[in-house]
Amino acid sequence: MTIQTDVQIIPRTGLDFSLSNEIPTFWFGGDAFKTRLFDAHSLLTPAGEGFFIRCLKAYKNQIRDSRLNLEVEKFILQEGQHTLQHRLSNNRLKAQGIDVDKLESDQQKETERFRLRISQHLGLALTTAYEHITTITSHALMEHPELFSDADPNIFSLYAWHSAEEIEHKSVCFDVMQNVAKVKYPLRVFALVIATLSFQVQVSMLTGKLLRHDGFSFTQRLALWRRGLKWMYGKNGFTRIQLKHYFAYFRPHFHPTSFGDMSGYNRWKKIYRLTNDPLIAGKMIQKNDFA
Ligand SMILES: [Fe+2]
Ligand SMILES: [Fe+2]
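Residues numbered from 1 in each chain as written. Chains lettered and ligands numbered in written order. Predicted model: local features only at pLDDT ≥ 70, side-chain atom pairs only at ≥ 80, totals over all residues.

Caption draft 1: Expanded view of the packing of helix 4 (residues 120-143) against helix 7 (residues 185-213). At a closest axis distance of 8 Å, the pairing of helix 4 and helix 7 adopts a crossing angle of 60 degrees. Judged by the inter-axis angle, helix 4 sits oblique to helix 7. Considering the relative orientation of helix 4 and helix 7, their crossing is right-handed. Each of His121, Leu122, Ala125, Leu126, Ala129, Tyr130, His132 and Ile133 in helix 4 lies in contact with helix 7, whose residues at this interface are Leu187, Arg188, Ala191, Leu192, Ile194, Ala195, Thr196 and Phe199. A class-by-class count of the residues in the contact of helix 4 with helix 7 yields 12 nonpolar, three polar and one charged. (Axes fitted to C-alpha atoms, helices over the stretch in contact; angles between N-to-C directions. Helix = DSSP H or I, 4+ residues; strand = E, 2+ residues; numbered from the N terminus. Parallel < 35°, antiparallel > 145°, perpendicular 65-115°, else oblique. Left-handed = near helix turned anticlockwise from the far one by under 90°. Contact = placed C-beta atoms within 7 Å. Nonpolar A, V, L, I, M, F, W, Y, C, P; charged D, E, K, R; others polar.)

Here it is as structure tokens:
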């Protein structure tokens, strides 16, 4: 296992994942549950990342450390690009009859209403908690591409790039929360519990909504969920392999850079540096083709 030493945050722009409408509706090995689970994540990305950026920006003027200040700027640039690329991916769903614009604008309004009602401290603690959830998912995807072997390579490449950048900026919010806002341990862990519950509820509800939109009957949906939950929580399941890393956040002296295997990220970065192409990097990672 390789642990992080000094990782640079590199905002990458002008990327092209060629996410055309020719990609099959059920792009994840023909599996409707896994496809819609990730489609739900993608649909929630613009509102979620907008929330993170605004919560972090609220502290920008209080950051005295120039390195951290620069990292915050790069964090904002990276999250902005993630939103842009996920919007392009979400456009495919419009052709499937899904009202992406309404879904997104409803989420944006709801998220902003919520942000204005809570304290800045809670907003930052929630953002940091969501970043932890994103980080553990990103490490799992980079370390276990075999779980995505039958996913569409272009969409997988989008997630691989997003994961790589999440790994690069995984400590930014945490450092602002600890060193600038000086959020105490109880609020930090409370926020993780709240973020985990709300994230699970939001993703599950949207996944269910998309599967209903696809026309699956109740019995069919039940069978899809059963198989999908096994993929997530069964032996070596995608969510199950993240649990140890997830619970590390409850350690009083936790820091994001002390956890998470960097091997997959390092492989992705090496290929990206050689090719300057996130599609090639994603496809090679997916095929374990980097010996
Ligand atoms: Fe992101
Ligand atoms: Fe992030």
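On we go from here.
Caption draft 2: Quick look at the nonpolar core. Within the largest apolar cluster, 34 residues are counted, with the highest numbers of intra-cluster contacts made by Ile155, Ala160, Trp268 and Ala281. Of all the secondary structure elements, the ones that give two or more residues to this core are helix 1 (32-57), helix 4, helix 5 (153-168), helix 7, helix 10 (263-275) and helix 11 (278-286). The biggest single contributor to this core is helix 5, with eight residues. In this view, Ile155 contacts Leu19, Ile23, Trp27 and Ser89; residues no more than four positions away in its chain are not counted. (Core = buried A, V, L, I, M, F, W, Y, C linked by C-beta atoms within 7 Å. Buried ≥ 20, exposed ≤ 12 C-beta atoms within 10 Å, placed from the backbone.)

Caption draft 3: Broad picture of helix 10. Its 13 residues place the ends of helix 10 19 Å apart at the C-alpha level, agreeing with the 18 Å of an ideal helix rising 1.5 Å per residue. Those residues of helix 10 not exposed but buried are Gly264, Tyr265, Trp268, Ile271 and Tyr272. What you see down the axis of helix 10 is that its buried residues fit within an arc of 135 degrees, all on one side. For helix 10, exposure combined with an orientation more than 90 degrees from the buried face picks out Arg273 and Leu274. Count one or two residues on from helix 10 and you reach Asn276, which has phi positive near 60 degrees. (Expected span 1.5 Å × (residues − 1). Arc of directions from axis to C-beta.)

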